[in-house]
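Observations on the model geometry
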Amino acid sequence: MIQVNLDVMLARRKMSLSQLSERVDISLANLSILKNNRCRAIRFSTLDAICRELACQPSDILEYLPEAEEPARSAE
């Protein structure tokens, strides 16, 4: 499973999701989906814009977790 750690990078940069949305010109709704680990894909152009604005590497935002380490999800 791929874990999205966008919230961690935002906290480290002391930036809100709204601020990032304005700076990278990506809708707040789409960034929220990404931040909450509900996305199924991400465009390289989106990842590039986020990494450029947060001055980070893709590996700071995306993390691979083997099946045994997946966090438990609540039933929706």
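To keep things clear, this report deals only with the structure shown in the data block. On a predicted model such as this, the values are computed, not experimentally measured, just so you know.

Before going further, it helps to spend a moment on the state of the cysteines. Cysteine pairs can be linked by a disulfide, which is a covalent bond between their two sulfur atoms. Scanning the model with the defined rule gives zero disulfides in all. Cys56 supplies the cysteine sulfur nearest to Cys51, a cysteine that is in no disulfide, at a spacing of 4.1 Å.

The next subject is the nonpolar core. Among the nonpolar cores identified, the biggest contains 18 residues, and Leu6, Leu10, Leu20, Leu31, Ile50, Leu54 and Ile61 are the most heavily contacted of them. Secondary-structure elements contributing two or more residues to this core are helix H1 (6-12), helix H2 (17-24), helix H3 (28-35) and helix H4 (44-54). When residues in this core are grouped by element, the largest group, five residues, is from H4. The contact partners of Ile61, leaving out residues within four places of it in the chain, are Gln3, Val4, Asn5, Leu6, Met9, Leu47, Ile50, Cys51 and Cys56.

Moving on, we come to the environment of Leu65. Among the secondary structure elements, Leu65 is positioned in the segment after strand E2 (62-64). Measuring from C-alpha to C-alpha, the distance between Leu65 and Ile2 comes to 6.1 Å, with 63 residues separating the pair along the chain.

Criteria and cut-off values
Residues numbered from 1 in each chain as written. Predicted model: local features only at pLDDT ≥ 70, side-chain atom pairs only at ≥ 80, totals over all residues. Heavy atoms only, no water. Disulfide = S-S within 2.5 Å. Core = buried A, V, L, I, M, F, W, Y, C linked by side-chain atoms within 4.5 Å. Buried < 20%, exposed > 50% of the residue type's maximum accessible area, 1.4 Å probe, protein only. Helix = DSSP H or I, 4+ residues; strand = E, 2+ residues; numbered from the N terminus. Contact = heavy atoms within 4.5 Å.

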